[in-house]
Number of protein chains: 2
Amino acid sequence: MKEFFKVKTIDQVLEYRTQFVPLETEEVPLGNSMGRILAEDIHSDIDLPDFTRSIMDGFAVRGASTFGAGEGNPAYLAVKGSVAMGEIPNLSVGPGEAVRISTGGMLPEGADSVIMVEHTEAIDETTIEVYRSVAPGQNMVAVGEDIKKGEAILIGGQVIRPQEAGLLAALGKQAVRVRKKPVVGIISTGDEVVPVDKVPGPGQIRDVNTHTLLNQVLELGASAIPFGIVGDDYDALLAKSTEALDRCDMVLVSGGSSVGVRDFTIDVISAMEDSDILFHGISISPGKPTILARVQNKQFWGLPGHVVSAMVVFARIVKPFIEHISGISGRAPKKIKFTATLSRNVASAQGRVDFVRIRLIQKNDTTWAEPILGKSGLISTMVKADGLIEIGMNTEGLDKGTEVEVILL
Amino acid sequence: MKEFFKVKTIDQVLEYRTQFVPLETEEVPLGNSMGRILAEDIHSDIDLPDFTRSIMDGFAVRGASTFGAGEGNPAYLAVKGSVAMGEIPNLSVGPGEAVRISTGGMLPEGADSVIMVEHTEAIDETTIEVYRSVAPGQNMVAVGEDIKKGEAILIGGQVIRPQEAGLLAALGKQAVRVRKKPVVGIISTGDEVVPVDKVPGPGQIRDVNTHTLLNQVLELGASAIPFGIVGDDYDALLAKSTEALDRCDMVLVSGGSSVGVRDFTIDVISAMEDSDILFHGISISPGKPTILARVQNKQFWGLPGHVVSAMVVFARIVKPFIEHISGISGRAPKKIKFTATLSRNVASAQGRVDFVRIRLIQKNDTTWAEPILGKSGLISTMVKADGLIEIGMNTEGLDKGTEVEVILL
């Protein structure tokens, strides 16, 4: 049963994300949380800090004791002792008094600021000269100045970066609830495709798509399981697809999605229980013959066989679907636009979005995007490329000097 | 033994990278090579493809047989059979003849191009109408068009991205020689610091730097070993530092690097065998009291204790040192400049480089960098931040509207 292409636009295709629900959650130790997607909002149950901390090495004082002090007119303060780190100071600071304190130390009673050691000189064991004045509140962090008790500080859907891990540490969260990582199954198809460890015979080529797609999946922080190569055989593809779907959250089959003599993907999808083909064909180049089906509520993708086409479809189309089931939302990942200046005119067909591979060149304070030409079967063009630019449906091309948004590869 | 700061500029500091040699190499399976740094140049020992491949589903023909064909004036060709995938075709194509071929199939003898199936119509089992002409060489990839035998295609020092892994797969490289991952030991210091699983007493805080630094290391693709917290104790710090140095390629100690009452880092470094302090102090803010020593030819870093300061120093200073010993060179990682427009005036002190935390805001096609103010001990400011901007030594600040380069966090 061949279906004719009912080609969709990129925006129409991306709307199908809502047909899939984000993955379950799991708890991971804080030390393994890097890059994971937070699955819950985090409120602080403490003030941070919960005591008034010095942020300088120096002397805890009353600011008023230093008012008017300067290079030619130092203030003299009596040193009463030192604050021990990590303890409640057992002394207090009155007018004209100072207590030695280190960065991170707790301000003693009576002190409202810290004078930096660099702005003092010791006269003897118990007296310092002070050459600057400090205002109350200076060189210290007040209770709750970092985080206030009860404050909503992290939101479910955020990516955990080093600083979010640090914040969770500060709050004493030893474990954190995150979304499970999507597990993506990868199948290559084609009678002409042989594994990397085989020497291809005449007319054969090694399996490239498994390696490019697997690593594109890993790059997103998801897990990937390669299921090897299936020849142009309906039964074998059905069996392998069923196995992959069983073990994974989504499946990518590359090759066999064009209207060709070997087009089994559609038939295999239709044969699987609880399956629904969402679209077949996207108005992009390369990458038009892409299929997405919902099979048992999981994504089942038919990607083009040409390596560049499959990589482009992954970067622009599949990636947002993976992010969706990863539960990413809110401000992260930020949609930050990286732009460059087109180094030459590029022609494009109307009625479809063209993706052009580009190399970035930094010259005279300008970042140039230089188009790389070559057929979409040539992996070497992707190796030369730093990114992709997108030429809209309703344009016949872009002129040299145009500011273009770059999808970094 | 206290040393006075001999403050260096960022450029002076980065020159010390050459005092350290890149790590040894190791061989990893292709499937585990993602993100690793290639340690050797790769030349292709084959032509890719090594046979003339069709890149369309259609018919292998002699282009000349289609010359002049059009919608109103089709050419008629005799279909001689089909190319089986992955095999040498057992038939040839003469003038006026066509052979069915699929994407990836090997062109039969005599054929010089492929007519797409969409541009043909079957009249009967052995005859097709052709509605377009094809030029010789069209819709096929010639021998060596992707990669030529002997071509230098990858260079030692490149990062392996998905496409490089794909290329290595195409060449049959089951294993690849890469640089070993740097192993970075992390030590937190301070009597007031307690582990995440402890409830801090009065005047105590939980260990944040271990978590931020550990994840910054992981983000670079290096390995990290946390060595926990050492109190303000010379013997304990010396013992822990020696152990960490023994097990790791470099060590980061945070806290205790300022000129303070607890400044043991310098003393500990001096006490270690074969040690040389390269600098103490960088003309940046935050992050000035940073130390780098060469101990037994490894990097031993003393980082500031304030969490923001330590993260800034890591992102701007330590990272290039890790990249250096990782063996990264050549075009990757590309120094791509990401810029944004400053949303308000920012003041800065002369004589040092100021790093300002910023939030990125996309508005009206402009990416704005909005400064986040707050002391360098506040982790919350890093959680709000998307990046850092750098204000040069010889400026008193930047005006609203200035185009600034952003270090993404």
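Residues numbered from 1 in each chain as written. Chains lettered and ligands numbered in written order. Predicted model: local features only at pLDDT ≥ 70, side-chain atom pairs only at ≥ 80, totals over all residues.

1. Quick word on the overall build of chain A
Right, so step 1: For chain A, the count of helices and strands is seven helices and 28 strands.
Right, so step 2: Over its C-alpha trace chain A gives a radius of gyration of 31 Å, far above what one expects of a compact globule, namely 22 Å for 409 residues.
Right, so step 3: Counting only C-alpha atoms, chain A reaches 95 × 50 × 40 Å along its principal axes.
Right, so step 4: For chain A, the proportion of its 409 residues judged to be buried stands at 49%.
Right, so step 5: For chain A, the share of sequence-separated contacts (at least 6 apart) that also reach a separation of at least 24 residues comes to 71%. (Helix = DSSP H or I, 4+ residues; strand = E, 2+ residues; numbered from the N terminus. Rg over C-alpha atoms; globule rule 2.2 N^0.38 Å. Buried ≥ 20, exposed ≤ 12 C-beta atoms within 10 Å, placed from the backbone. Contact = placed C-beta atoms within 7 Å.)

2. Some remarks on the relation of the copies chain B and chain A
Right, so step 1: At an RMSD of 0.1 Å, chain B and chain A line up after a rotation of 180° and a shift of 0.0 Å along the axis. The superposition of one copy onto the other is thereby described by a two-fold rotation axis. Considering only C-alpha atoms, the part of chain B nearest the rotation axis is phenylalanine 338 of chain B, at 3.3 Å.
Right, so step 2: Here 100% of the contact residues of chain B are again contact residues in chain A; the copies associate through an equivalent surface. (Least-squares fit on C-alpha atoms with pLDDT ≥ 70 in both.)

3. Thoughts on the sheet that holds strand E16 (residues 223-230) of chain A
Residue and element names in this part refer to chain A.
Right, so step 1: The mixed open sheet is built from six strands, whose spatial order is E16-E13-E17-E21-E20-E18. Edge strands, defined here as strands with exactly one partner in the open sheet, are E16 and strand E18 (275-280). Across the sheet, the axes of successive neighbouring strands diverge by a mean angle of 20°, strand direction being ignored.
Right, so step 2: One ladder, built from five bridges, connects strand E17 (residues 250-254) with strand E21 (residues 298-303); its direction is parallel. The partner of valine 251 across the bridge, within E21, is phenylalanine 300. (Pairing = 2+ DSSP bridges. Axes fitted to C-alpha atoms, helices over the stretch in contact; angles between N-to-C directions.)

4. Here we look at the packing of helix H3 (residues 209-219) of chain B against helix H6 (residues 307-326) of chain B
Residue and element names in this part refer to chain B.
Right, so step 1: Packing of H3 against H6 brings their axes to within 10 Å, and their N-to-C directions diverge by 15°. Classified by the angle between their axes, H3 and H6 sit roughly parallel to one another. Crossing of H3 against H6: the hand is right-handed. In contact with Asn209, Thr212, Leu213 and Gln216 of H3, H6 contributes Val307, Ala310, Met311 and Phe314.
Right, so step 2: Classifying every residue of the contact of H3 with H6 gives five nonpolar, three polar and no charged. (Parallel < 35°, antiparallel > 145°, perpendicular 65-115°, else oblique. Left-handed = near helix turned anticlockwise from the far one by under 90°. Nonpolar A, V, L, I, M, F, W, Y, C, P; charged D, E, K, R; others polar.)

5. Re the domain arrangement of chain A
Right, so step 1: Here chain A is described as being made up of domain 1 (10-23 + 181-325), domain 2 (26-45 + 154-179), domain 3 (53-141) and domain 4 (339-408).
Right, so step 2: Each of domain 1 of chain A and domain 3 of chain A has a C-alpha centre, and these two points are 67 Å apart. (Domains from an automatic or database assignment.)

6. Thoughts on the nonpolar core
Right, so step 1: Counting residues in each nonpolar core, the largest one holds 87 residues, and the members touching the most others are Leu167 of chain A together with Val184, Val251, Leu252, Trp301, Met311 and Ile379 of chain B.
Right, so step 2: If you look at the next biggest cluster of nonpolar residues, it comprises 86 residues, including Cys248, Val307, Val313 and Phe321 of chain A. (Core = buried A, V, L, I, M, F, W, Y, C linked by C-beta atoms within 7 Å.)

7. Brief notes about the interface of chain B and chain A
Right, so step 1: Every contact between the two is made by 74 residues of chain B and, on the other side, 74 residues of chain A.
Right, so step 2: Of all the secondary structure elements, the ones that give two or more residues to the side of chain B that touches chain A are helix H2 (162-170), strand E15 (205-206), H3, H6, strand E24 (353-363) and helix H7 (379-384) of chain B.
Right, so step 3: Broken down by element, the residue count for the side of chain B that touches chain A peaks at eight residues, all from H2 of chain B.
Right, so step 4: Here the side of chain B that touches chain A is composed, by residue class, of 32 nonpolar, 23 polar and 19 charged.

8. Some details on the environment of arginine 206 of chain B
Right, so step 1: Mapping arginine 206 of chain B onto the fold places it in strand E15.
Right, so step 2: With 24 C-beta atoms counted inside 10 Å, the residue arginine 206 of chain B sits in the buried group.
Right, so step 3: In this structure the C-alpha to C-alpha distance between arginine 206 of chain B and valine 194 of chain B, which are 12 residues apart in sequence, comes to 4.8 Å.
Right, so step 4: Leave out the neighbours within four places in its chain, and arginine 206 of chain B touches Ala169, Ala170 and Gly172 of chain A together with Val194, Val196 and Pro200 of chain B.

9. Comments concerning the pairing of strand E22 (residues 339-342) of chain B
Residues and elements named next belong to chain B.
Right, so step 1: Of the pairings in the sheet, the one linking E22 to strand E28 (residues 403-408) comprises three bridges and is antiparallel in character. Looking across to E28, one finds that threonine 339 is bridged to glutamate 405.
Right, so step 2: Relative to strand E25 (residues 366-371), E22 runs parallel, the two sharing two bridges. Residue threonine 341 lies in a different strand from E25, and its bridge partner there is tryptophan 368.

10. So, the sheet that holds strand E20 (residues 291-295) of chain B
Residues and elements named next belong to chain B.
Right, so step 1: Taken together, the six strands give an open sheet; going across it, the order is E16-E13-E17-E21-E20-E18, and neighbouring strands pair in mixed fashion. A single partner strand is all that each edge strand has here, and the edge strands are strand E16 (223-230) and strand E18 (275-280). Averaged over all pairs of adjacent strands, the angle between their axes in this sheet comes to 20°, without regard to strand direction.
Right, so step 2: Most of the contacts of H3 go to strand E13 (residues 183-189), to which it runs at about 165°, and overall it touches E13, E16 and strand E17 (250-254).

11. A closer look at helix H3 (residues 209-219) of chain A
Right, so step 1: Within H3 of chain A, nine of the 11 residues are buried, which leaves the element mostly enclosed by the surrounding structure.
Right, so step 2: Along H3 of chain A, the residues that are buried comprise Asn209, Thr210, His211, Thr212, Leu213, Leu214, Asn215, Gln216 and Val217 of chain A.
Right, so step 3: Packed against the buried residues of H3 of chain A are strand E13 (183-189), E16, E17 and helix H6 (307-325) of chain A together with H2 of chain B.
Right, so step 4: A positive backbone phi angle near 85° is found at glycine 221 of chain A, which sits one or two residues after H3 of chain A.

12. What about unusual backbone geometry?
Right, so step 1: Of note, the amide linkage connecting leucine 48 of chain A to proline 49 of chain A takes the cis form, showing an omega dihedral of -10°.
Right, so step 2: Here proline 49 of chain A shows up in the loop between strand E2 (42-43) and strand E3 (53-54).
Right, so step 3: Each neighbour pair has its own omega, and for serine 285 of chain B with proline 286 of chain B the value is -5°, a cis peptide bond.
Right, so step 4: Turning to its location among the elements, proline 286 of chain B is positioned in the loop between strand E19 (284-285) and E20.
Right, so step 5: One non-glycine residue, asparagine 364 of chain B, adopts positive backbone phi at about 50°.

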